[in-house]
Amino acid sequence: MTPTTPKRVRVHHLREAKERGERLTMLTAYDAVTARIFDEAGIDMLLVGDSIGNTMHGHTTTLPVTVDDLIPPARAVAGAARRAFVVADLPFGSYEAGPEQALATSVRMMKETGVAAVKFEGGKRVAAQIRAITDAGIPVVGHLGYTPQSENLLGGPRVQGRGDLAAELLCEDAVAIQEAGAVAVVLEMVPAPVAARVTEILHIPTIGIGAGTQCDGQVLVWVDMAGMTDWSPRFAKRFGEVGAALKAAASAYADEVRGGTFPDADHQFDA
């Protein structure tokens, strides 16, 4: 977004950015330190994702993540961000039972963390949940395409929306969650032409991850973006090699401690 963006990004600013053709930026964040850095870098939206399970908790999927797991990081990110629109995922099992469960989880997330919105996966099947949460005054971000919480049903991380019928169904899902009140939608691992079509027919912003250049914005998991891992998904460009820099710093620290050169006179107190 442009330098004229208000100090705090809010729901109507997302819609206005789409109308002006300004690309939105989103990164995941799981703690106050990285949230503050990304916020000061001008990132528009911070997602406290259930990807914390894969990236920080050592799980192989997002499925084990609970609401209790997400509340402390969501509180930390929301507390650190001064400008960004902070969104928290609803983890697997916390909204699928129906509108009542989804609303209760969302209310808890909002009251205990201070985030600006919640996000969860699904199309027409969760439209009633989106409507109930929106009617309660809570913004909802949708998530279509590859939905990691359904990876066992989908057969793993596979591109979704290939073929005319699949593309049509994805468009129908996108319209359904928009009509239910969603304020934006993440499109994950969707063919670029299909994502472009969804972006064209919706008046809410689309945020792509592995969905091509025609989305209204882009999101990446921050450890992929910053080069913190040995492997990154095909769609995740490494904009730095922070992992290598951190390893080098830790190695230099260890060398100086073992060699007796740290702490030196500049890093200790006189009597």
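Residues numbered from 1 in each chain as written. Predicted model: local features only at pLDDT ≥ 70, side-chain atom pairs only at ≥ 80, totals over all residues. Heavy atoms only, no water.

The name given to the protein chain in an unreviewed UniProt entry is 3-methyl-2-oxobutanoate hydroxymethyltransferase, and the organism recorded there is Cellulomonas xylanilytica.

J.: Just checking my understanding: could you explain the pairing of strand β3 (residues 85-89) for this structure?
T.: Both faces of the sheet carry side chains from a regular strand, because those side chains alternate between them. Of all the 5 residues making up β3, 5 are buried; the element is thus mostly covered by neighbouring parts of the structure. On β3, burial covers both faces: F85, V87 and D89 on one face and V86 and A88 on the other are all buried. Pairing of strand β2 (residues 45-48) with β3, which is carried by 4 bridges, proceeds in the parallel orientation. Pairing of V48 across the sheet is with A88, part of β3. In this sheet, strand β4 (residues 117-119) lies alongside β3 in parallel orientation, the contact comprising 3 bridges. Its bridge partner lying in β4, A88 is registered against V118. (Buried < 20%, exposed > 50% of the residue type's maximum accessible area, 1.4 Å probe, protein only. Helix = DSSP H or I, 4+ residues; strand = E, 2+ residues; numbered from the N terminus. Pairing = 2+ DSSP bridges.)

J.: When you look at the sheet that holds strand β6 (residues 184-188) in this model, what are you seeing that I'm missing?
T.: Each strand in a sheet pairs with its neighbour through backbone hydrogen bonds, running either in the same direction (parallel) or in the opposite one (antiparallel). With parallel pairing, 8 strands are arranged side by side around a closed barrel as β1-β2-β3-β4-β5-β6-β7-β8. Each strand axis lies, on average, 25° off the axis of its neighbour in the sheet, ignoring direction. Summarising the sheet, strand β1 (residues 24-28) and strand β8 (residues 217-220) pair through 4 bridges and their orientation is parallel. Its bridge partner being in β8, L24 is matched across the sheet by G217. (Axes fitted to C-alpha atoms, helices over the stretch in contact; angles between N-to-C directions.)

J.: I'm lost on the pattern of salt bridges in this one. Help?
T.: A side chain of one charge can pair with a side chain of the opposite charge when the charged atoms of the two come close. In this structure the tally under the stated criterion is 11 salt bridges. The closest approach of N and O atoms between K124 and E172, which form a salt bridge, is 3.2 Å. Of the two residues, K124 sits in the loop between β4 and α6 (127-135) while E172 sits in helix α8 (residues 164-180), which places them 48 residues apart along the sequence. Residues participating in the shared-partner salt-bridge network are D68, R108 and E112. (Salt bridge = Lys/Arg side-chain N within 4 Å of Asp/Glu carboxyl O.)

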